[in-house]
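So the chains spell out like this:
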Amino acid sequence: MFLKTLHLKQFRNYQEQRVDFVAPKTILLGNNAQGKSNLLEAVELLATLRTHRIARDRDLVRDGENISLILATLQREAGISDLKLTLRRNGRRTVNLNSENLRRQMDFLGVLNAVEFSSLDLELVRGGPDGRRNWLNTLLIQLEPVYAHILQQYNKVLRQRNALLKSYQQSELKVPPKELAVWDAQLVSAGTKVIRRRDRALQRLTPIASNWHASISNSTEVLRIKYLPSIPLEENEPEQVQQAFFTKIEQRSVAELHQGTTLVGPHRDEVELTINQTAARQYGSQGQQRTLVLALKLAELQLIEEVVGEPPLLLLDDVLAELDPSRQNQLLDAIQDRFQTLITTTHLGSFDSQWLKSSQILHVKAGE
Ligand code: ATP
Ligand code: MG
């Protein structure tokens with residue numbers, strides 16, 4: 001797929017800017033704080049309706065404005081699509097596809113696919129489980145947009161169940177609330193869908209990531225990605241997962257009532273990244289951790305391409321400078337002209353002449 005144009009109105013530090021993309025690679029060149037990452041963020045929003053940097057819609061809308069528009073024209077094998085995302089300071093969003101207002105965000109999600117890779121992604125290795133769940137959610141949304149709906153359902157049930165547990169904890173009641181059983185069933189039903197999809201996606205991603213890792217690190221180190229759901233998962237069949245889920249809730253029921261919160265379910269899942277069976281977080285140098293993240297990102301690109309049937313966009317935010325020359329070349333070789341790539345940088349020093357020849361260079365200055 002190829003993003004032909006992007007048009008930003010009152011988004012972040014952009015007043016109004018239209019960009020026409022004319023080459024497989026676009027280099028966004030500029031000093032710090034000029035709007036390079038903001039532009040990538042706009043594309044990321046069109047792809048996932050989420051952003052890497054934690055931001056509320058009122059942070060995304062340009063200061064002093066109430067509404068922000070991100071418009072794009074995308075060329076896919078099946079034809080051209082016009083996308084429009086409207087963001088409002090009050091958080092209400094609207095999505096349009098080919099001038100038609102879509103009621104379900106899910107129908108917007110599969111249209112543009114993109115993988116973002118920024119220095120924030122190192123948190124995948126170094127940070128807590130939250131970041132890895134978020135990463136997995138963002139990937140799944142692109143692999144199967146219905147996942148966005150499933151996750152939303154799950155989170156809604158979780159909030160309501162937590163509210164009930166909290167009110168019990170704060171009350172003088174001696175018997176657990178009767179409605180709890182209803183919420184248990186809903187939690188299990190929605191949670192099982194989340195767990196099974198996460199498991200399936202990681203099963204597919206792992207061999208691809210391991211291959212990339214072996215080729216980049218040029219060694220016999222073995223990368224493993226292991227899904228550690230908060231309930232034991234022996235088989236990926238709905239009945240088995242549901243059964244195990246109910247059993248676990250039962251086991252934790254006293255603790256849940258005591259703590260006033262839900263202790264079992266995909267909101268407690270972990271994804272373990274190991275190299276030669278050692279947790280990557282404790283393992284090795286920053287360079288090795290970067291290699292791991294690079295392998296994960298390349299695997300994401302490849303998996304999305306396999307599932308969707310077209311190469312997604314790659315958004316590289318300030319990462320080239322952090323890789324050593326050999327890893328830079330691995331990355332650049334892997335991309336070739338296969339994936340449309342938008343890449344931010346403060347200077348052109350990291351690019352070889354071959355790369356520069358096939359790139360469009362956009363100078364970004366103060367939101368223009
Ligand atoms: P760096 O090289 O440091 O990463 P960058 O070019 O990627 O810089 P961005 O993160 O794209 O920088 O842009 C940051 C600028 O956008 C900052 O000056 C920030 O104040 C401004 N900005 C962010 N949100 C808004 C907003 N809602 N309204 C106006 N300006 C904003
Ligand atoms: Mg930036």
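Conventions used here
- Residues numbered from 1 in each chain as written.
- Chains lettered and ligands numbered in written order.
- Predicted model: local features only at pLDDT ≥ 70, side-chain atom pairs only at ≥ 80, totals over all residues.
- Helix = DSSP H or I, 4+ residues; strand = E, 2+ residues; numbered from the N terminus.
- Rg over C-alpha atoms; globule rule 2.2 N^0.38 Å.
- Buried ≥ 20, exposed ≤ 12 C-beta atoms within 10 Å, placed from the backbone.
- Contact = placed C-beta atoms within 7 Å.
- UniProt positions renumbered as here; feature names shortened; annotations may be inferred.
- Near = placed C-beta within 6 Å.
- Nonpolar A, V, L, I, M, F, W, Y, C, P; charged D, E, K, R; others polar.
- Bend = angle between axes of the 7 residues up to and from the residue.
- Axes fitted to C-alpha atoms, helices over the stretch in contact; angles between N-to-C directions.
- Parallel < 35°, antiparallel > 145°, perpendicular 65-115°, else oblique.
- Left-handed = near helix turned anticlockwise from the far one by under 90°.

1. A few points about the overall build of the chain
Along the chain, the regular secondary structure elements total eleven helices and 14 strands. In summary, the chain has a C-alpha radius of gyration of 22 Å against a globular reference of 21 Å for 368 residues, a match within 12%. Seen through its C-alpha atoms, the chain measures out along the principal axes to roughly 70 × 55 × 40 Å. Looking at the 368 residues of the chain, the share that counts as buried comes to 38%. Of the contacts made within the chain by residues no fewer than 6 positions apart, 74% connect residues no fewer than 24 positions apart.

2. Thoughts on the UniProt feature "binding site: ATP" (unreviewed entry) in the chain
Mapped onto the present numbering, the UniProt feature "binding site: ATP" (unreviewed entry) falls on Gly-30, Asn-31, Asn-32, Ala-33, Gln-34, Gly-35, Lys-36 and Ser-37. One can find Asn-32 in the loop between strand E3 (25-29) and helix H1 (36-48). C-beta crowding within 10 Å serves as the criterion here: with 8 such atoms nearby, Asn-32 is assigned to the exposed category. Mapped onto the fold, Ser-37 is located in helix H1.

3. Some points on the site of ligand 1
By nearness alone, 18 residues border ligand 1, and Asn-13, Asn-32, Lys-36, Ser-37 and Asn-38 come closest of all. Considered class by class, the residues forming the shell around ligand 1 number three nonpolar, nine polar and six charged.

4. Some thoughts on helix H8 (residues 238-259)
Maximal helix bending in H8 amounts to about 60°, located at Arg-252. Regarding H8, the residues found buried are Val-241, Ala-244, Phe-245, Ile-249 and Glu-256. Along its buried surface, H8 packs onto helix H6 (146-170) and helix H7 (180-217). Positive backbone phi, approximately 70°, marks Gly-260, located one or two places after H8.

5. Quick word on the packing of H6 against H7
Their axes nearest at 9 Å, the elements H6 and H7 cross at an angle of 150°. Here H6 lies roughly antiparallel to H7, going by the angle between them. Considering only the axes of H6 and H7, their crossing is left-handed. For the pair formed by H6 and H7, the contact residues are Tyr-147, Ile-150, Leu-151, Gln-153, Tyr-154, Val-157, Leu-158, Gln-160, Arg-161 and Leu-164 on the first element and Leu-180, Trp-183, Gln-186, Leu-187, Ala-190, Gly-191, Lys-193, Val-194 and Arg-197 on the second.

6. What to know about the environment of Lys-25
Positionally, Lys-25 belongs in strand E3. Taking the C-alpha atoms as reference points, Lys-25 and Leu-342, separated by 317 residues in sequence, lie 5.9 Å from one another. Leaving out residues up to four positions away in the same chain, Lys-25 has contacts with Thr-341, Ile-343, Ser-358 and Ser-359.

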